[in-house]
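# Overview (structure and organization)
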Amino acid sequence: MKEADNIAIAIRQIEAGESVSDTEQKVTVVATETIPFGFKIAIREIADGDLIYKYGEPIGKSVGFICAGQLVHVHNIVGVRGRGDL
Amino acid sequence: MNDTFIGYPRENGTVGIRNHVFLLPVQRYMNMVTNKICECVPGTKTVTFTGEMGRPKTDREVISRTLIGLALNPNVHSVLLIGIKRNHGYEEMRLEFMRDAIASSGKRTEVLYLAEEEGFYNILGKGIKIAREMVLEASRVFRQPFGLDTLSIAVKCGLSDATSGIAGNPVVGRVFDKIVTAGGTACFSETTEVIGAEHILVKKACNESVANKILAAVKATEEAALSTGEDIRKTNPIPENIEGGISTLEEKSLGAIVKAGSQPITDVLQYGEQPQAPGLYFIDAWMSSICLPVGFAAFGAQLMIFQMGGAGFPSRHPIMPAHSTGVIMPLMYMTGNPEAYERGSDGIDFCSGEVLQGKMSLETAGGQLLDLILEIASGRLTKVETLKVQDPIEMYVKGPVF
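Since the model is a prediction, treat every value here as computed from it, not as a measurement.

Here we take up the overall build of chain B. Along chain B, the regular secondary structure elements total 14 helices and 14 strands. The principal-axis extent of the C-alpha atoms belonging to chain B is close to 65 × 50 × 45 Å. The burial tally for chain B puts 59% of its 402 residues in the buried class. Summarising the internal contacts of chain B: among those between residues at least 6 apart in sequence, 75% fall at separations of at least 24. Split by element, the accessible area of chain B, about 15500 Å² in all, is 54% carbon and sulfur. Each charge class in chain B was averaged separately, 38 positive and 45 negative side chains, and the resulting centres sit 4 Å apart.

Okay, structure coming up:
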């Protein structure tokens, strides 16, 4: 994980209510819902329209407010590149 | 540990890891002839290609150089070209043009013309006779020891999921680093999956000209996406990526580019082109499992790694995305997802899942993968090589057609 990251990848399924940390024990967050294996969990609050950072790079932006511990996926973030529909 | 393998020496100094006689149908009509010879004669390989008629010059050039590239691949011992008649057809597709390009490598080439054999039944019999003789001759070439500098390995990442960018692709990157620093050759592609990560990839270009080629390739692909008027997220990422946790194209690309490793990118090539020197190459092309492996084989890669995520992959003993689309270049599968490996182990050769679980370093996993590649290069079969499958192939032709 990089400093700028506001999400983390679940390397195993996380249950709602579970408190989890990253491998270096720098960040701790409580999951507000089930996070399936390989999916993203918000590790801090993300405001509507904020950029989502993974590997220290932007991967898209949020649609609506996301609180820490929530699942982050196609229902609440969008990519911006290659969008012929925009 | 020995970084050597045993392979088939070729006239031009390249080394094959397999030893095929390639039957090359020079016009589409000849697909049937080469296919029937192939059914009769073990040790032969051929393609069934979708034809050259009514295609513009740029697309005919793609088809021509891809067919020539397949024949030039070091896994090919010798080539039988079959055409309609002498000096016939589009300039790029003439048998004589292709034969001369192939023969310049020192490989044995034989030719047959339908008109001179007076028809299908005769050419089939003559073709079988010649192919048998070529296969016997190929069987008299024996494997010799060679080093990493004679390897040429390609990678495609497919069915990507969250493990691809963290436990799968980086392991391939480590292997590519070892091969390229030893003087060998490696290549990667899938231009769509550089969109969102091109600013990182260009830093690895060996000079500004190569950096500009990468940016131009990405720009052209993105413009093509925009011109469709569609939301690219409905096309790429594919449904299996989304089921596997990847949410956006940018996210997929950032995970994908790490498969190239950390060595400088020597050049950007077009689909079907061959490199003029060892090094690391980016091929500007489509990611299709049916199309891209053919392009890698034409590049001259001896083996392609299919780096699979697999979370979106259904059922137990799933069917692999491709088996024989490398034609004369075998495919090997790997994944960084231990659960996908468990489901698909009939078809998957290597799992770097322990990296994901924090139990193994990328270096160690890279070392294990390279060991396996050297065994495969020396004759160990990949799992998909143990199944007789004739996949369709497609070449990267863009149209329009007339």
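All right, on to the pairing of strand S6 (residues 57–62) of chain A then. Residues and elements named next belong to chain A. For strand S5 (residues 51–54) and S6, the ladder comprises 4 bridges, and the chain directions are antiparallel. Counted as the bridge partner of Leu51 is Lys61 from S6. Linking S5 back to S6 in an antiparallel pair, the connection comprises 2 residues, with Tyr55 at a positive phi of about 55°. Bridge analysis of S6 against strand S8 (residues 77–78) gives 2 bridges, and the strand direction is antiparallel. Of the residues in S8, the one forming a bridge with Lys61 is Val78.

All names here are of chain B. Taken together, the buried positions of helix H3 (residues 95–103) are occupied by Leu95, Glu96, Met98 and Ile102. The arc that holds the buried residues of H3, viewed along the axis, is 165°, so those residues lie on one side. Buried positions along H3 lie against strand S3 (20–25), helix H2 (57–72), strand S5 (76–83) and strand S6 (108–113).

Here we come to the pattern of salt bridges. Residues and elements named next belong to chain B. Across all of its chains, the model carries 25 salt bridges over all chains by this definition. The residue Arg60 makes a salt bridge to Glu92 at a minimum N-O spacing of 2.9 Å. Note that Arg60 is positioned in helix H2 and Glu92 in the loop between S5 and H3, a separation of 32 residues in sequence. By the burial criterion, Arg60 is buried, and Glu92 matches it. One salt bridge connects Glu137 with Arg108, and the closest N-O pair in it is separated by 2.9 Å. Pair noted here: Glu137 is in helix H5 (residues 120–138) and Arg108 is in strand S6, with a separation of 29 residues, a long-range link. One network of salt bridges, in which partners are shared, links Lys57, Arg60, Glu61 and Glu92.

By way of backbone hydrogen bonds, the strands of a sheet pair with one another, either parallel or antiparallel. All names here are of chain B. Here 7 strands make up an open sheet; going across it, the order is S10-S11-S9-S8-S12-S13-S14 and the pairing parallel. Two strands bound the open sheet, and with one partner strand each, they are strand S10 (265–270) and strand S14 (350–351). Bridge count between strand S8 (residues 152–158) and strand S9 (residues 185–188): 3 bridges; the pairing is parallel. The residue of S9 that forms the bridge with Ala154 is Cys187. Its contacts with the sheet place helix H6 (residues 164–181) against S8, S9, strand S11 (279–284), strand S12 (303–308), strand S13 (331–335) and S14, and it is angled at close to 170° to S8. On the sheet, helix H8 (residues 208–227) packs against S10 and S11 and is oriented at approximately 40° with respect to S10.

Turning our eyes to something else, we now look at the sheet that holds strand S4 (residues 40–42) of chain A. Residues and elements named next belong to chain A. Taken together, the 3 strands give an open sheet; going across it, the order is S1-S4-S7, and neighbouring strands pair in antiparallel fashion. This sheet does not close on itself; its edge strands, each paired only once, are strand S1 (7–9) and strand S7 (71–72). The pairing of S1 with S4 spans 3 bridges and is classified as antiparallel. Within S4, the residue paired with Ala8 across the bridge is Ile41.

Right, let's talk about unusual backbone geometry for a bit. All names here are of chain B. Pro237 follows Asn236 through a cis peptide bond whose omega is 10°. Considering the arrangement of structural elements, one finds Pro237 in the loop between H8 and helix H9 (239–243). Residue Pro400 follows Gly399 across a cis peptide bond; omega there is 5°. Position of Pro400 among the secondary structure elements: in the segment after helix H14 (362–377). Here His317, not a glycine, exhibits a phi torsion of approximately 50°, which is positive. Mapped onto the elements, His317 comes out in the loop between S12 and S13. Residue classification places His317 among the partly exposed residues on the basis of a relative accessible area of 45%. One non-glycine residue, Val327, adopts positive backbone phi at about 60°.

Attention now goes to the pairing of S6 of chain B. Residues and elements named next belong to chain B. Inspection of the sheet shows S5 paired to S6 by 6 bridges, in the parallel sense. Considered in S6, the bridge of Val79 is made with Thr109. Each parallel crossover has a hand, and the one from S5 via H3 to S6 is right-handed.

A word on the nonpolar core. Residue and element names in this part refer to chain B. Core analysis: the biggest nonpolar cluster contains 61 residues, and Ile214, Met332 and Leu369 have the highest contact counts within it. Sort the elements by how many residues they give to this core and H14 lands first, with 8 residues. Beyond its immediate sequence surroundings of up to four residues, Ile214 is in contact with Leu201, Val202, Ala205, Ile265, Val268 and Phe282. Ile63, Leu269, Ala285 and Met287 belong to the second largest nonpolar core, which has 52 residues in total.

This part is about the environment of Gly7 of chain B. Residues and elements named next belong to chain B. Within the secondary structure, Gly7 is located in strand S1 (residues 4–9). When the C-alpha atoms of Gly7 and Cys291 are compared, they prove to be 26 Å apart, with 284 residues separating the residues in sequence. Setting aside anything within four residues of it in sequence, one finds Gly7 in contact with Val15, Gly16, Phe142, Arg143, Gln144 and Phe146.

So, how was this worked out
Residues numbered from 1 in each chain as written. Chains lettered and ligands numbered in written order. Predicted model: local features only at pLDDT ≥ 70, side-chain atom pairs only at ≥ 80, totals over all residues. Heavy atoms only, no water. Helix = DSSP H or I, 4+ residues; strand = E, 2+ residues; numbered from the N terminus. Buried < 20%, exposed > 50% of the residue type's maximum accessible area, 1.4 Å probe, protein only. Contact = heavy atoms within 4.5 Å. Areas by Shrake-Rupley, 256 points an atom, 1.4 Å probe, with all protein chains shown as cover. Lys, Arg positive; Asp, Glu negative; His and termini not counted. Charge placed at Lys NZ, Arg CZ, Asp CG, Glu CD. Pairing = 2+ DSSP bridges. Arc of directions from axis to C-beta. Salt bridge = Lys/Arg side-chain N within 4 Å of Asp/Glu carboxyl O. Axes fitted to C-alpha atoms, helices over the stretch in contact; angles between N-to-C directions. Right-handed = clockwise from strand over helix to strand, strands pointing away. Core = buried A, V, L, I, M, F, W, Y, C linked by side-chain atoms within 4.5 Å.

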